[in-house]
Amino acid sequence: SSDLACPWENIRMAPRKPAGGAIARDELAPALVAAAVANVQIVNNVVSNVYAGNNLGNKTAHGIVAGFSPGTQDITGLVVASNRIHQIASQLRGAYGIQINHTTSPGGGKTVAPQIFNNEISGLTGNWAHAIGLEGNTPNAVVRSNLISDLSDFNPTPFADAIGVKVEDNAYAASVVIQHNSFSNLFAGVLNATVATVNAESNWWASPSGPVATLNP
């Protein structure tokens, strides 16, 4: 699939409760899977009220997800921009605003130079809550000018997992650029779970002194 545009204006998943009172899983996630995909634009959408509940087992809730596949082909030309994503929740697993998850398998495909910018992401709740997850191979990814706030998870400090941008299972982490984003009311703005150094300079960390770190307590 190529040349896909998703310029939706308002995508709202109304919560529903089946017998027993558990929240059902209602999720809208443009998912790009095993085949090679090029020139995908997901822009100017409102994605809200996405829930994943225990009646369907352990499920993760997503606003927008690209990949979700052990495929061997690449995703190129992916743009996720100017979306408003809020009220994404999971009872038992994670909540994501935007996740790129293609792919963590050896010899798998990559999401090449994705552009994630000018999105507003807030109100995520789950066992983990990641506003933006670069949790697969994303060479030359750019995450810029996003407004991220109000993320919560079920874990106590120091094991809290409410993260603005998480980089994980990503062999190309050193080429990722995370700049000019705003992070507030969460546990960590950026969490790099790789051995590489990620460029996360020039962000707003809800503090004039910058992010809390070993050299900046």
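The preceding data block contains the structure.
Residues numbered from 1 in each chain as written. Predicted model: local features only at pLDDT ≥ 70, side-chain atom pairs only at ≥ 80, totals over all residues. Heavy atoms only, no water.

*Asks:* What's the story with the sheet that holds strand β8 (residues 94–100) in this structure? I'm lost.
*Replies:* Sheet strands associate in pairs through backbone hydrogen bonding, adopting either a parallel or an antiparallel arrangement. The sheet built from five strands is open, its strands ordered β5-β8-β12-β15-β18 with parallel pairing. In this open sheet, the two edge strands, each paired with only one partner strand, are β5 (61–66) and β18 (188–192). Across this sheet, the average inter-strand angle for adjacent strands is 20°, counted without regard to direction. The pairing of strand β12 (residues 128–134) with strand β15 (residues 162–167) spans five bridges and is classified as parallel. Residue pairing for β15: G133 is matched across the bridge by K166. (Pairing = 2+ DSSP bridges. Helix = DSSP H or I, 4+ residues; strand = E, 2+ residues; numbered from the N terminus. Axes fitted to C-alpha atoms, helices over the stretch in contact; angles between N-to-C directions.)

*Asks:* Would you mind showing me how to read unusual backbone geometry here?
*Replies:* Excluding glycine, residues mostly have negative phi values, and the peptide bonds linking residues are mostly trans. Residue T157 is joined to P158 through a cis peptide bond whose omega torsion reads 10°. The phi torsion at N39 lies on the positive side, around 60°, for a residue other than glycine. Tracing the sequence through the fold places N39 in strand β3 (residues 37–43). The class for N39 is partly exposed, based on a relative accessible area of 40%. (Buried < 20%, exposed > 50% of the residue type's maximum accessible area, 1.4 Å probe, protein only.)

By themselves, these observations are geometric and do not establish any function.
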